[in-house]
Amino acid sequence: MLDALRSCSIEPYTAACLSKDGGILSNVPVLPDMEEQWKVPHLLTYRADILEVFVSQARTSGVTLHLASPIACLDFCTPAATTISGTRFSADFILGADSERSFCRSKLLTNPKSPILSGKIVYRITVRSELLSQHQDLEPLICPPRVTFWVGLGAQVVCYELKRNNV
Ligand SMILES: Cc1cc2nc3c(=O)[nH]c(=O)nc-3n(C[C@H](O)[C@H](O)[C@H](O)COP(=O)(O)OP(=O)(O)OC[C@H]3O[C@@H](n4cnc5c(N)ncnc54)[C@H](O)[C@@H]3O)c2cc1C
C-alpha cells in the first residue's frame, strides 16, 4: 500500500518553520532523513488519493463497501445497523466514524452533547503550482518540494504542494 501512496504523493526535502515576518525559526531535513531514522516516509497526499488507495486495498482484501448508504437505525444489542433504504447489517461490532455530527454518538449516549466550538477555524486555499513557479520569490515554496509553516500569535499557515491537479 505504501508504494501506491508514494506514487500519488510528493516527498518534501525539508520542513521549514518561519516567523510571521518570514524569518527562519527552524529548517528540518525530511528527505531522506525521515525514512532513514523512522522507517516511514513523510508524504504530501491529496485526501481523495489516500481514499482511493485505501478503497482499492480494502476491495483487494475482500472487503465489500456500500456507498451512499446512510445509517438510519442502530441496534446496539445485536449489534446491527439499518440504512435509510431499509437494508440491515449485523456485525460483531460497529465502529462509528461518522464525524463531528455523529449519528452513532447521538444514539449511543443517553445525554448527547453537541461538539463545542473551539474558536479555531481552518481554511484551505488552493493555488495552481505553475502560478507560484512564475514568481521568483514564491517558486522556492514548491521547488524543490518542501513544507513551509508560518507561525504567528493565534494563527498558523501551512504551505505544501500536491501531486494531483498540480496545486
Ligand atoms: C478546511 C480543512 C482542511 C483540513 N486539512 C487537513 C489536512 O491538511 N490534513 C489533515 O490531516 N486533516 C485536515 N483536516 C481535518 C480532516 O479533514 C478531519 O480531521 C478528517 O476528515 C476527519 O475524518 P473522519 O473520518 O473523522 O470524518 P469525515 O472525514 O467527516 O468522515 C465521516 C464520514 O461519515 C459519513 N457519515 C456521516 N453520517 C453518517 C450516517 N448516518 N451513516 C453513514 N455514514 C455517515 C460521512 O458521509 C463521511 O463520509 C482539514 C479540515 C478542514 C475543514
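Above this text is the structure in question.
Just so you know, these numbers come straight off a predicted model, no measurement behind them. As a convention, each chain's residues are numbered from 1 in the sequence order in which they are written. Local features in this predicted model are restricted to residues of pLDDT 70 or higher, and side-chain atom pairs are both shown and tallied only at a pLDDT of 80 or more, whereas totals for entire chains, interfaces and linings draw on every residue.

Colleague: Can you tell me about the sheet that holds strand β5 (residues 71–75), naming the residues and giving the values?
Modeller: For two strands to be treated as a pair, DSSP must find at least two bridges joining them. A helix here means a DSSP run of H or I that spans at least four residues, while a strand means a run of E at least two residues long, and both kinds are numbered starting from the N terminus. On the basis of which strands lie adjacent, the open sheet formed by three strands has the order β5-β6-β7 and antiparallel pairing. Only two strands of the sheet have a single partner each, and these edge strands are β5 and β7 (88–90). Averaged over all pairs of adjacent strands, the angle between strand axes in this sheet comes to 20°, irrespective of strand direction. Relative to strand β6 (residues 80–83), β5 is paired through four bridges, and the arrangement is antiparallel. Of the residues in β6, the one forming a bridge with Asp75 is Ala80. Orientation is described by lines fitted to C-alpha atoms, with helices fitted over the stretch in contact, and by angles between N-to-C directions that extend from 0 to 180 degrees.

Colleague: Could you give me a rundown of the site of the ligand, with the residues and numbers involved?
Modeller: Whether a residue is near a molecule or strand depends on its C-beta atom, generated from backbone atoms, being within 6 Å of that molecule or strand. Looking at the ligand, the residues that line it are Pro70, Ile71, Ala97, Asp98, Ser99, Phe103, Val122 and Arg124. Grouping the amino acids of the shell around the ligand by side-chain chemistry returns five nonpolar, one polar and two charged. Note that Gly is not counted as nonpolar here; it falls among the polar residues with everything else outside the nonpolar set of Ala, Val, Leu, Ile, Met, Phe, Trp, Tyr, Cys and Pro and the charged set of Asp, Glu, Lys and Arg.

Colleague: Give me the environment of Ile50: which residues, what numbers.
Modeller: You can see Ile50 is positioned in helix α3 (residues 47–60). Separated by 67 residues in sequence, Ile50 and Leu117 have C-alpha atoms that sit 28 Å apart.

Colleague: Run through α3, naming residues and quoting values.
Modeller: Between the first and last C-alpha of α3 there are 20 Å, a value that for 14 residues agrees with the 20 Å anticipated at 1.5 Å per step. Trailing α3 by a residue or two, Gly62 shows a phi angle of about 95°, which is positive. The span you would expect from a helix comes to 1.5 Å times its residue count less one.

Colleague: Outline the sheet that holds strand β3 (residues 24–29), supporting the account with residue identities and numerical values.
Modeller: Reading across from one edge, β3-β2-β8-β9 is the order of the four strands in this open sheet, with mixed pairing throughout. With partners counted over all chains shown, the strands left at the sheet margins are β3 and β9 (155–159), one partner each. Sheet twist, expressed as the average angle between the axes of neighbouring strands with direction ignored, equals 15°. In this sheet, β9 lies alongside strand β8 (residues 146–152) in antiparallel orientation, the contact comprising five bridges. Residue pairing across strands places Phe149 opposite Val158, the latter belonging to β9.

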